[in-house]
Every structure is written in C-alpha cells, then in structure tokens.
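Chain and residue survey
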Amino acid sequence: MKKILLAFCAMLAACSLSMTCAAQARYGYLHYDALLQQMPETPRVMAQLDTLRAKYQAETDYNETSFNRQFAEFLQGQKDFPQNILLKRQRDLQDAMERGIAFRKEAEKLLRDAEEEMMAPVRERLDAAIRAVGLERGYEYIINLDQQAFPFLHPNVSEDATPFVVEKTSNVKQ
C-alpha cells in the first residue's frame, strides 16, 4: 500500500511539475527594430546623423555647382578652344565628375559607419535589457520577429517580451 501511495504521489508531483512548466512561457518574442526606435537615445543619435548628413549634402551640392559651372564654361568656349585646351578641359571635367562620384560614395560609407558607431551603445543597452528579461522570465530564447522567420509561435510556450524589455530599458539609467 505504501508503494502505491508513493507511486501516486510521484505521479501527482510529475503532473503538477509538467503543468507548471507548461504554464510558464519558454520563449519570448519581440520586434527588435521597433524597440530600438523607442529607445530614448535614438532621437538624439538620429539628430546628430541628420546634422552630419546635411554637412555632406552641402559639400556635395558645392561640388555639383562647381562642376556645372565648369561644364557651362566648357560648352560656351568649346567652339573657340584650340584642340589641346579642349582636351585639357574635357579631362578636367572628367576628373571633377569622378571626384564628385567618389566623394558621394565615401560620404555614404562614412555616414553608415557613423550610424553604426553612434548606435552601438544604444544597441548594447537594448541587448543587455533583452538578456536581463530573458533571464528574469526564464526564457530559453527571445526571438526577433523582424525578419518574419517565424510565422507561428504557439501561445502556450511563448509570450510577447516587448513590454518587459520596454520596462527594463526605462528603469535602467542611460
């Protein structure tokens, strides 16, 4: 009789343990990009990037204006230029155009690098909050839904981790 009672207690404990595990979500999910946009530092970083972008745009506009002036002068004088001056002016125009294109490409690269560098601490802070929520909530994984790689997550084993991460990022000092 004791063996039956002991077996029954063990089965009851196993059932209650499995019910507890089933009740707790094992996976969290969120939209990382949306959370990144909600971070308090993001508007400041975006404003700095806009300022930098405006400076590069001003220089690009200056280069374009200079090229257009050179081109207009070339068109006006091309009938009167001797062959060697005409060829020199064509080379000058070609060089100016290539420098302008190279500057645009370099500016785009520098802006991407600057954004990556400026956003790195924001991403690190968000990642730390996500890790902390994952540990506190006992998740095995927190899934980023931005790429739509998971068209279905069963609600019994997953939950939206977004509100917990938002709370964590607002409670942690910047």
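Structure: see above.
None of these values were measured; they are calculated from a predicted model. (Residues numbered from 1 in each chain as written. Predicted model: local features only at pLDDT ≥ 70, side-chain atom pairs only at ≥ 80, totals over all residues. Heavy atoms only, no water.)

1. What to know about the pairing of strand 1 (residues 27–30)
Side chains G28 and L30 project from strand 1 onto a buried face, and the interleaved Y27 and Y29 project onto a face without burial. Examined bridge by bridge, strand 1 and strand 2 (residues 141–144) share four bridges and lie parallel to one another. Of the residues in strand 2, the one forming a bridge with L30 is N144. Across three bridges, strand 1 lies against strand 3 (residues 158–160) in parallel orientation. Paired with G28 across the two strands is E159, which belongs to strand 3. (Buried < 20%, exposed > 50% of the residue type's maximum accessible area, 1.4 Å probe, protein only. Helix = DSSP H or I, 4+ residues; strand = E, 2+ residues; numbered from the N terminus. Pairing = 2+ DSSP bridges.)

2. Structural notes on the pattern of salt bridges
All chains considered together, the criterion is met by nine salt bridges. For R26, the salt bridge goes to E140, with nearest N and O atoms at 3.1 Å. Here E140 lies in the loop between helix 4 (83–137) and strand 2 and R26 lies in the loop between helix 1 (2–23) and strand 1, a separation of 114 residues in the sequence. Judged by relative accessible area, which is 36%, R26 ranks as partly exposed. (Salt bridge = Lys/Arg side-chain N within 4 Å of Asp/Glu carboxyl O.)

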